[in-house]
Amino acid sequence: MLLPTTTLTLVGQAGVNVKAEVELATTPQSRAQGLMYRERMPPDHGMLFVFESDAGCFWMRNTLLPLSIAFIDAQGVITRIAHMQPLSDAEHCPTQPSPYALEMHQGWFERQGISPGDRVTGLPERP
């Protein structure tokens, strides 16, 4: 079952503007479930984790899709992008305070020309 969605715009330093349709994981339950057990996800679709304070580390236990994660600070700046392998307990942690984390198909950020230092607009308010 899909969570509520919103559209984010990722603004690259090279003038790239990319839209992403994202589900909003804003509760402890929806953040804990994340994208676990899903066998597919549409292109340009992902999940935005919204935290009251800052994101902790992420892992891929019970997640079947290869994903990339962007950690995003309170000003909407991407601070780190990491690639995550399905069914792995390897931890992927933010390197700076980041109240948002955006999971997309693995390699999506690079294919769109998005990298750390780029901005995300349309972020919802934190709970």
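Residues numbered from 1 in each chain as written. Predicted model: local features only at pLDDT ≥ 70, side-chain atom pairs only at ≥ 80, totals over all residues. Heavy atoms only, no water.

Focus on the pairing of strand β5 (residues 78-84)
Logical step 1: By the criterion of burial, β5 is predominantly enclosed, with five of the seven residues buried.
Logical step 2: Here six bridges tie strand β4 (residues 67-72) to β5, and the two strands are oriented antiparallel to one another. Counted as the bridge partner of Ile69 is Ala82 from β5.
Logical step 3: Between β4 and the antiparallel strand that follows it, β5, lie five residues; Gly76 among them carries a positive phi value of about 85°. (Buried < 20%, exposed > 50% of the residue type's maximum accessible area, 1.4 Å probe, protein only. Helix = DSSP H or I, 4+ residues; strand = E, 2+ residues; numbered from the N terminus. Pairing = 2+ DSSP bridges.)

A short note on the pattern of salt bridges
Logical step 1: Using the criterion set out here, one finds three salt bridges in the structure.
Logical step 2: Of the charged contacts in the structure, one is a salt bridge between Arg38 and Glu23, with a shortest N-O distance of 2.5 Å. Remark: Glu23 occurs in strand β2 (residues 17-25) and Arg38 occurs in the loop between α1 (28-33) and β3 (45-50); sequence separation between them is 15 residues. Pair check on accessibility: Arg38 and Glu23 agree, each one buried.
Logical step 3: Across the pair Asp89 and Arg61 runs a salt bridge whose closest N-O atoms are separated by 3.0 Å. Of the two residues, Asp89 is situated in the loop between β5 and β6 (100-105) and Arg61 in the loop between β3 and β4; the sequence distance between them amounts to 28 residues.
Logical step 4: Overall, the relative accessible area of 47% leaves Asp89 in the partly exposed class.
Logical step 5: Take Arg61: its relative accessible area is 42%, and that puts it in the partly exposed class. (Salt bridge = Lys/Arg side-chain N within 4 Å of Asp/Glu carboxyl O.)

Points about the state of the cysteines
Logical step 1: Taken as a whole and judged by the stated rule, the model has one disulfide.
Logical step 2: A disulfide bridge connects Cys57 with Cys93, and the sulfur atoms are separated by 1.8 Å. Given an S-S torsion of about 105°, the disulfide between Cys57 and Cys93 has right-handed geometry. Taken together, the residues Cys57 in the loop between β3 and β4 and Cys93 in the loop between β5 and β6 connect sequence positions 36 residues apart. (Disulfide = S-S within 2.5 Å.)

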